[in-house]
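# Close look at the chain arrangement
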Amino acid sequence: MSSLLERQVAAIGEQVGGGHVVCALSGGVDSSVAAALIHRAIASRLHCVFVDTGLLREGDRERAEKHLGAALGLNLKVVDASKLFLSRLAGVRDPERKRKIIGRTFIEVFDREAKRLKGVEFLAQGTLYPDVIESVSVHGPSAVIKSHHNVGGLPKKMKLKLVEPLRFLFKDEVRKLGREMGLPQELLGAHPFPGPGLAIRVLGAVTPDRLKVLRRADQVLREELRASGWYDKTWQAFAAILPIRSVGVMGDERTYENTIVLRSVDSVDGMTADWSRLPHELLQKISSRVVSEVKGVNRVVYDVTSKPPATIEWE
């Protein structure tokens, strides 16, 4: 066991003592590695909760149940809170408000689940150092770029104490820890997915119809990236739906439909990123499939902006 892994496990044991921990498990790399670390430190006193917010991609819930509950042997409970999240986001367009609403609602759900368990005093999260840097001023004056739901989006008063074993690590370090603990490569190699989910990839108001369109477009993108071998060559790739419509022609008829933007970036730690030079033939295939298979879309664009000046996510 590496010195970093030893230190992390020891620190968790010291912080938690004999208490129980409820872990916010999203199914992504960060929360999965955090859960595996905590499980190694306190075993059965870890209780993992996967919240279906209604803001997930196609198949996310099923993958979490398969890879995290069954494969890793974690004590996993799935909570469907989709109606609660979507009702609170109804009509909200500002990205900062979205993040704060999602953060507060997450905590409410976990507080409620913790009350049903005996001795739970801690909430575990897969917060990384880039989340902290962008959300708060860490070591001196710096600008808040955006409130990550698990940092700046958290309420000031919380009943549970936070356990964040990855808080000062970068993504590449987290993946190394995961490999050392034997987590499956399919999980460790997955592209990052934001805690607020599709809420920050639906620019403007979040509605069930716009989420449906985005899910299908994003699914097409991921299918083609995997089929072409480009999924493992890029750091993160996703689709977002813009709050604008444009005129198009489908068959012999005029259309006035949604615009989907594709975003793919290359990075090491997520602090800086460069847009991916995907082959034109691949972009053409993705675009053709999206406009022909996803009802409600007649235009696809590709984001060629690096970080900085842009962030990776659009909101």
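Quick note: structure is the one above.
Please read these numbers as outputs of a predicted model, since none were measured by experiment.

A word on the pattern of salt bridges. Counting across every chain of the model gives 21 salt bridges. Here Arg-57 ties to Asp-60 by a salt bridge, and the two come within 3.1 Å at their closest N and O atoms. Pair check on accessibility: Arg-57 and Asp-60 agree, each one buried. Overlapping salt bridges bring together Arg-216, Glu-223, Glu-224, Lys-285, Arg-289 and Glu-293 as one network.

Among the structural elements, Ala-239 can be located in strand β6 (residues 236-250). Residue classification places Ala-239 among the buried residues on the basis of a relative accessible area of 1%. Sequence-wise, Ala-239 and Lys-307 are 68 residues apart; in three dimensions their C-alpha atoms are separated by 17 Å.

With that settled, the discussion passes to the packing of aromatic side chains. Considering all chains together, one arrives at four aromatic pairs under this definition. Relative to Phe-170, the ring of Tyr-129 has its centre 5.6 Å away and its plane inclined at 80°; by these criteria the two rings are edge-to-face. Taken together, the residues span a long stretch of sequence, with Tyr-129 in helix α6 (residues 129-135) and Phe-170 in the loop between β5 (161-163) and α7 (171-180) at a distance of 41 residues. Exposure remark for Tyr-129: the relative accessible area of 17% places this residue in the buried category. An aromatic cluster is present here, built from Tyr-129, Phe-168 and Phe-170 joined pairwise through their rings. One cation-aromatic arrangement involves Arg-226 over Tyr-231; the distance from NZ or CZ to the ring centre is 3.8 Å. Above the ring of Trp-275, the side-chain terminus of Arg-277 is found at 3.7 Å from the ring centroid.

Here we come to the nonpolar core. Where a protein is soluble and globular, its nonpolar side chains tend to be buried together. By size, the foremost hydrophobic cluster in this structure holds 46 residues, and its most contacted members are Val-22, Val-51, Phe-110, Ile-260, Leu-262 and Val-290. By size, the runner-up hydrophobic cluster in this structure holds 34 residues, among which are Val-16, Leu-25, Val-29 and Phe-122.

Quick look at the side chain of Asn-258 now. Structurally, Asn-258 is set in strand β7 (residues 253-266). A polar contact is formed between the side chain of Asn-258 and the backbone oxygen of Gly-296, at a distance of 2.9 Å.

Across the junction of Lys-307 and Pro-308, the peptide omega takes the value -15°, indicating a cis bond. Omega for the bond connecting Pro-308 with Pro-309 falls within 30 degrees of zero, at 15°, which places this linkage in the cis form. On the secondary structure map, Pro-309 appears in the segment after β9 (297-302). You will see that Ala-43, though not glycine, has its phi angle at about 55°, which is positive. By the secondary structure assignment, Ala-43 is in the loop between α2 (29-42) and β2 (46-52). Ala-43 sits in the partly exposed class, given a relative accessible area of 37%.

For the rest of this paragraph, the subject is the environment of Tyr-256. Checked against the element boundaries, Tyr-256 lands in strand β7. Exposure remark for Tyr-256: the relative accessible area of 46% places this residue in the partly exposed category. Taking the C-alpha atoms as reference points, Tyr-256 and Val-297, 41 residues apart in sequence, are found 8.7 Å from one another.

Here the focus is the sheet that holds strand β4 (residues 120-124). Pairing within the open sheet is parallel, and its five strands lie in the order β3-β2-β1-β4-β5. The open sheet has two edge strands with one neighbour each: β3 (76-80) and β5. Across the sheet, the mean angle from the axis of one strand to that of its neighbour is 30°, orientation sign disregarded. Here β4 pairs with β5 via three bridges, running parallel. When the bridges of β5 are listed, Ala-124 appears paired with Val-163. On top of the sheet, α2 reaches β1 (20-24), β2, β4 and β5; it is set at about 160° to β2, its chief contact.

Close contact between helix α1 (residues 3-16) and α2 brings their axes to 9 Å; oriented N to C, the two are set at 65°. Taken together, the axes of α1 and α2 lie roughly perpendicular to each other. Here the hand of the crossing between α1 and α2 comes out right-handed. Within the contact between the two elements, α1 uses Leu-5, Gln-8, Val-9, Ile-12, Gly-13 and Val-16 and α2 uses Leu-37, Ile-38, Arg-40, Ala-41 and Ile-42. Looking at the contact of α1 with α2, its residues break down into eight nonpolar, two polar and one charged.

Pairing of β6 with β7, which is carried by 12 bridges, proceeds in the antiparallel orientation. Its bridge partner being in β7, Ala-240 is matched across the sheet by Val-261. A loop of two residues connects β6 with β7, the two strands running antiparallel in sequence, and Gly-251 in this loop sits at a positive phi of about 70°. Relative to β9, β7 is paired through five bridges, and the arrangement is parallel. Within β9, the position partnered with Thr-259 by the bridge is Arg-299.

Thresholds, definitions, all that
Residues numbered from 1 in each chain as written. Predicted model: local features only at pLDDT ≥ 70, side-chain atom pairs only at ≥ 80, totals over all residues. Heavy atoms only, no water. Salt bridge = Lys/Arg side-chain N within 4 Å of Asp/Glu carboxyl O. Buried < 20%, exposed > 50% of the residue type's maximum accessible area, 1.4 Å probe, protein only. Helix = DSSP H or I, 4+ residues; strand = E, 2+ residues; numbered from the N terminus. Phe/Tyr/Trp six-rings, centres within 6.5 Å; stacked < 30°, edge-to-face > 60°. Lys NZ or Arg CZ within 6 Å of the ring centre and 35° of its normal. Core = buried A, V, L, I, M, F, W, Y, C linked by side-chain atoms within 4.5 Å. Polar contact = N/O pair within 3.5 Å; in protein donor to acceptor, adjacent residues only side chain to side chain. Pairing = 2+ DSSP bridges. Axes fitted to C-alpha atoms, helices over the stretch in contact; angles between N-to-C directions. Contact = heavy atoms within 4.5 Å. Parallel < 35°, antiparallel > 145°, perpendicular 65-115°, else oblique. Left-handed = near helix turned anticlockwise from the far one by under 90°. Nonpolar A, V, L, I, M, F, W, Y, C, P; charged D, E, K, R; others polar.

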